[in-house]
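# Notes for the structure review
Each chain is listed here by its residues.
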Amino acid sequence: MFFHTGDAPAGLSAELRQKLENLSFPTLGHYLEEGFTSPEIRRIVAAGGRVIGTAFTVRTTATDSTALHHGAGLIGEGDVMVIDTGGDRMHAPLGEVVAAQLVHRGAAGAVVDGVVTDIDEIADLGLTVHARGTSMLTTKLHGIDAGGVNVPVTCGGAVVHPGDIVLADANGVLFVAPDVLARIVDIALADDAEEPELVAELRTGKPLGSLTGATETVAELLALAEPQ
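Residues numbered from 1 in each chain as written. Predicted model: local features only at pLDDT ≥ 70, side-chain atom pairs only at ≥ 80, totals over all residues. Heavy atoms only, no water.

### Considerations on the overall build of the protein
Secondary structure assignment for the protein yields 7 helices and 13 strands. Pairs at least 24 apart in sequence give 77% of the contacts found in the protein among residues at least 6 apart. Surface accessibility of the protein: about 11700 Å² in total, with carbon and sulfur atoms responsible for 55%. Distance between charge centroids for the protein: 3 Å, based on 13 positive and 31 negative side chains. (Helix = DSSP H or I, 4+ residues; strand = E, 2+ residues; numbered from the N terminus. Contact = heavy atoms within 4.5 Å. Areas by Shrake-Rupley, 256 points an atom, 1.4 Å probe, with all protein chains shown as cover. Lys, Arg positive; Asp, Glu negative; His and termini not counted. Charge placed at Lys NZ, Arg CZ, Asp CG, Glu CD.)

Structure, rendered in structure tokens:
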């Protein structure tokens, strides 16, 4: 047997969710380097706007979506379906039927390291989807003894574990462990709070480098480069 299943992810705490709802996700890019997907994974269906949830992972195999159909009936409310297609970029595992099941189960969205189909119908269902593109060629139910549900997967170059926090918007997708996010979310929120004042100062004509300290750093670097 090569098919694997793991435990369902724990839900996102109400306190952390509230903080994330007030956060500009790209601010986390100032503090993290890992967990960001390839820019090729973009928002294909924007039905629900931003996505905040916990990763419910599925790994499909070749053209077989058996694992996905099984997992779709188990996903919990507020979870995000994260699909690792094993590198396939032609066959769409996610379409109207799977999306309908995810919406019924209360899923927060879906992220596919591959292509999707039925995007108009998915938009009508109200499910936000990030993927590499679209295709009319779909997966089949071959029943291959491989793949898995709630196992570590790779999505857009990022390693994803069940229960990782999924943050996705028009800019991209980020997967991050809950404990890591809990340590930096307040710092990121403080950055967001300071940004309007910085933009206001820029509009008065002040140079960005003088406000952020970059110009002073450049002066120090140039001084070090001068012959002694």
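### Section: the nonpolar core
Ranked by size, the top nonpolar core spans 23 residues in total, and within it Met81, Leu94, Leu102 and Val129 carry the most contacts. Every element with two or more residues in this core is listed here: strand E2 (42-45), strand E3 (51-59), helix H2 (66-72), strand E4 (79-84), helix H3 (96-105), strand E5 (109-113) and strand E7 (129-131). In contact with Val129, other than residues within four places in its own chain, are Arg42, Arg43, Ile44, Val45, Leu94, Ala110, Val116 and Ile122. Ranked by size, the runner-up nonpolar core spans 16 residues in total, among them Leu23, Leu28, Ile165 and Val176. (Core = buried A, V, L, I, M, F, W, Y, C linked by side-chain atoms within 4.5 Å. Buried < 20%, exposed > 50% of the residue type's maximum accessible area, 1.4 Å probe, protein only.)

### Observations regarding the side chain of Thr128
Secondary-structure assignment places Thr128 in the loop between helix H4 (119-125) and E7. Within the structure, Thr128 has its side chain in polar contact with the backbone nitrogen of Gly49 (distance 3.4 Å). (Polar contact = N/O pair within 3.5 Å; in protein donor to acceptor, adjacent residues only side chain to side chain.)

### Let's talk about the pattern of salt bridges
Considering all chains together, one arrives at 7 salt bridges under this definition. Between Glu15 and Lys19 there is a salt bridge whose closest N-O contact spans 3.8 Å. One end of the pair, Glu15, and the other, Lys19, are both in helix H1 (residues 14-21), 4 residues apart, so they sit about a helical turn from each other. Judged by relative accessible area, Lys19 falls into the partly exposed class, the value being 22%. One salt bridge connects Glu201 with Lys206, and the closest N-O pair in it is separated by 3.1 Å. Accessibility expressed as a relative area gives 42% for Lys206, which makes it partly exposed. Taken together, the salt bridges that share partners define one network made up of Glu40, Arg89, Asp113 and Arg132. (Salt bridge = Lys/Arg side-chain N within 4 Å of Asp/Glu carboxyl O.)

### Overview of a negative patch on the surface
Side chains of Glu96, Asp118, Asp120, Glu121 and Asp124 sit close together on the surface and give a patch of like negative charge. Broken down by element, the negative patch gets its largest block of residues, 3 residues, from H4. For Asp120, the position within the fold is in helix H4. Take Asp120: its relative accessible area is 58%, and that puts it in the exposed class. (Patch = residues over 30% accessible without salt bridge, like charges linked within 9 Å, V, L, I, M, F, W, Y side chains within 5 Å.)

### Quick look at the environment of Ala72
Considering the arrangement of structural elements, one finds Ala72 in helix H2. When its relative accessible area of 3% is taken as the criterion, Ala72 is described as buried. Each C-alpha atom, one on Ala72 and one on Gly106, is 11 Å from the other, the two residues being 34 residues apart in sequence. Non-local contacts of Ala72, meaning those with residues more than four positions away in its chain, are made with Met81, Val98, Gln101, Leu102 and Arg105.

### Some details on the environment of Gly126
Locating Gly126 in the fold gives a position in the loop between H4 and E7. Look at Gly126 and you get partly exposed, because its relative accessible area is 40%. The spacing of Gly126 and Val45 is 81 residues in sequence and 8.7 Å in space, taken between C-alpha atoms.

### So, unusual backbone geometry
In terms of backbone geometry, most residues other than glycine have negative phi values and most peptide bonds are trans. Positive phi, close to 60°, is recorded for Asp118, a residue that is not glycine. Following the sequence through the fold, Asp118 ends up in the loop between strand E6 (115-116) and H4. In this structure, Asn150 takes a positive phi of about 55° despite not being glycine. Its location among the elements puts Asn150 in the loop between strand E9 (148-149) and strand E10 (153-155).

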